[in-house]
Amino acid sequence: GQRVEQKPRQVSQPSAVGYIPSHYVEKSKSVHSNFFRFLSTLLTAYYGSKAREVVTRLLEEYRLGATRDGAVIFWQIDSNNKVRTGKVMHYNPEDGHRIKGGQTSAVNWIHSILKKQRVLAEDWQLSQCLFGEHLLKTHPDKVVVLVESEKSAVIGSAIFADYVWLATGGKSQMREEKLRVLSGRTVLLFPDADAYAEWKQRAESMYFCKVVVSDIIERNATPKQKEAHIDIADWI
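As the structure is a computational prediction, the values presented were derived from the model and not from experiment.

With that out of the way, let us pick up the environment of isoleucine 20. If you trace the backbone, isoleucine 20 turns up in the segment before helix 1 (23–28). Along the sequence, isoleucine 20 and glycine 86 sit 66 residues apart, while their C-alpha atoms lie 9.1 Å from each other. Residue contacts for isoleucine 20: discarding those within four places in its chain leaves Trp75, Val83, Arg84, Thr85, Ile110, His111, Leu114, Leu120 and Trp124.

With that out of the way, let us pick up the packing of aromatic side chains. According to the stated counting rule, one finds nine aromatic pairs in the structure shown. Joined through ring pairs, the aromatic side chains of Phe35, Tyr62, Phe74, Tyr91 and Phe131 make up one cluster. Between lysine 82 and the ring centre of tyrosine 19, over which it is positioned, the NZ or CZ distance is 5.6 Å.

So, on to the pairing of strand 2 (residues 72–77). Counting buried positions along strand 2 yields six of six residues, so the element is predominantly enclosed. Here strand 2 shows two buried faces, one formed by Val72, Phe74 and Gln76 and the other by Ile73, Trp75 and Ile77. Strand direction decides the pairing type here: strand 1 (residues 65–66) and strand 2, joined by two bridges, are antiparallel. The residue bridging alanine 66 from the neighbouring strand is valine 72, located in strand 2. Of the strand pairs in this sheet, strand 2 and strand 3 (residues 83–89) are connected by six bridges, and their pairing is antiparallel. For glutamine 76, the partnering residue across the bridge sits in strand 3 and is threonine 85. Between the antiparallel neighbours strand 2 and strand 3 lie five residues, among them asparagine 81 with a positive phi of about 65 degrees.

This paragraph deals with the sheet that holds strand 4 (residues 108–109). What the four strands build is an open sheet, ordered 1-2-3-4; its pairing is antiparallel. Strands with a single pairing partner mark the edges of an open sheet, and in this sheet they are strand 1 and strand 4.

The next point concerns the environment of arginine 37. Along the chain, arginine 37 falls in helix 2 (residues 34–47). A relative accessible area of 45% places arginine 37 in the partly exposed class. Taking the C-alpha atoms as reference points, arginine 37 and asparagine 92, separated by 55 residues in sequence, lie 9.2 Å from one another. Look past the residues within four positions of arginine 37 in its chain and what remains in contact with it is Pro93 and Glu94.

Time to look at the state of the cysteines. Tallying each qualifying case throughout the model produces zero disulfides. In this structure cysteine 129 is a free cysteine whose sulfur lies 16 Å from that of cysteine 209, the closest cysteine sulfur available. When its relative accessible area of 2% is taken as the criterion, cysteine 129 is described as buried. Using a relative accessible area of 11% as the deciding quantity, one classes cysteine 209 as buried.

Further remarks concern the sheet that holds strand 6 (residues 164–167). The four strands are arranged 6-5-7-8 in an open sheet whose pairing can be described as parallel. One side of each edge strand has no neighbouring strand; the edge strands of this open sheet are strand 6 and strand 8 (210–213). Strand-to-strand twist of the sheet, defined as the mean angle between neighbouring strand axes without regard to direction, takes the value 25 degrees. Sheet topology places strand 5 (residues 144–147) next to strand 7 (residues 186–189); three bridges connect them, and they run parallel. Its bridge partner being in strand 7, valine 144 is matched across the sheet by valine 187. Strands in contact with helix 8 (residues 196–204) are strand 5, strand 7 and strand 8; relative to strand 8, the strand with the most contacts, it is inclined by about 165 degrees.

Looking now at the pattern of salt bridges. Applying the stated criterion to the full structure yields eight salt bridges. A salt bridge links aspartate 78 to arginine 84, with the shortest nitrogen-to-oxygen separation between them at 2.9 Å. Note on accessibility: aspartate 78 and arginine 84 belong to one class, buried. For arginine 175, the salt bridge identified is with glutamate 177, shortest N-O distance 3.1 Å. Looking at glutamate 177, the relative accessible area reads 60%, which means it is exposed. Each of the salt bridges in this network shares a partner with another, and the network as a whole consists of Glu26, Lys29 and Glu60.

Basis of the calculations
Residues numbered from 1 in each chain as written. Predicted model: local features only at pLDDT ≥ 70, side-chain atom pairs only at ≥ 80, totals over all residues. Heavy atoms only, no water. Helix = DSSP H or I, 4+ residues; strand = E, 2+ residues; numbered from the N terminus. Contact = heavy atoms within 4.5 Å. Phe/Tyr/Trp six-rings, centres within 6.5 Å; stacked < 30°, edge-to-face > 60°. Lys NZ or Arg CZ within 6 Å of the ring centre and 35° of its normal. Buried < 20%, exposed > 50% of the residue type's maximum accessible area, 1.4 Å probe, protein only. Pairing = 2+ DSSP bridges. Disulfide = S-S within 2.5 Å. Axes fitted to C-alpha atoms, helices over the stretch in contact; angles between N-to-C directions. Salt bridge = Lys/Arg side-chain N within 4 Å of Asp/Glu carboxyl O.

See below:
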């Protein structure tokens, strides 16, 4: 047979980004999560009758989902409107805190669930994006606020709708490939009480956008609040 000329394989070839069919997002969209119950109560106390309009906007914008057992699904949808994964988390409907301890404390991931169900191939590759990233295109001129937790982004957006609120999904998620999407934007960073120094340092390497790191919590939080790792949502 003919010898097929083998092309040299490029080592730096990124593996293909895995996507999740978007009908899962539509199907899961729901107000029946404990997080949503907490959010509705909180915003009713704040806005009164206007709260309904605000929670509806949050449901639509962030496409919040729910599982049968009342966990919230925070979908990660990228700037091309493609679904990367969903983070499944349990909250206490009374105080809005994460439920820690027992079976429900762990974070679950939609891609893991779909892999188990064999909907996704074994070699499906997760590549996370910022929570709320899909909103960047919808609001090209708004200042971006970047926080750590998805909950904070949603609550922040409820109170200060003039900004695009995005979440890294964790302190360690401030990686450049994830932040590149903010190129050319003005970005306010609101680190949690224990992450100020780290985020301040990260901000220095975010040369592709205009960054301001807020020290509101750093400056005002009591030692006890810092110990509790309060974030901007707790502050609000």
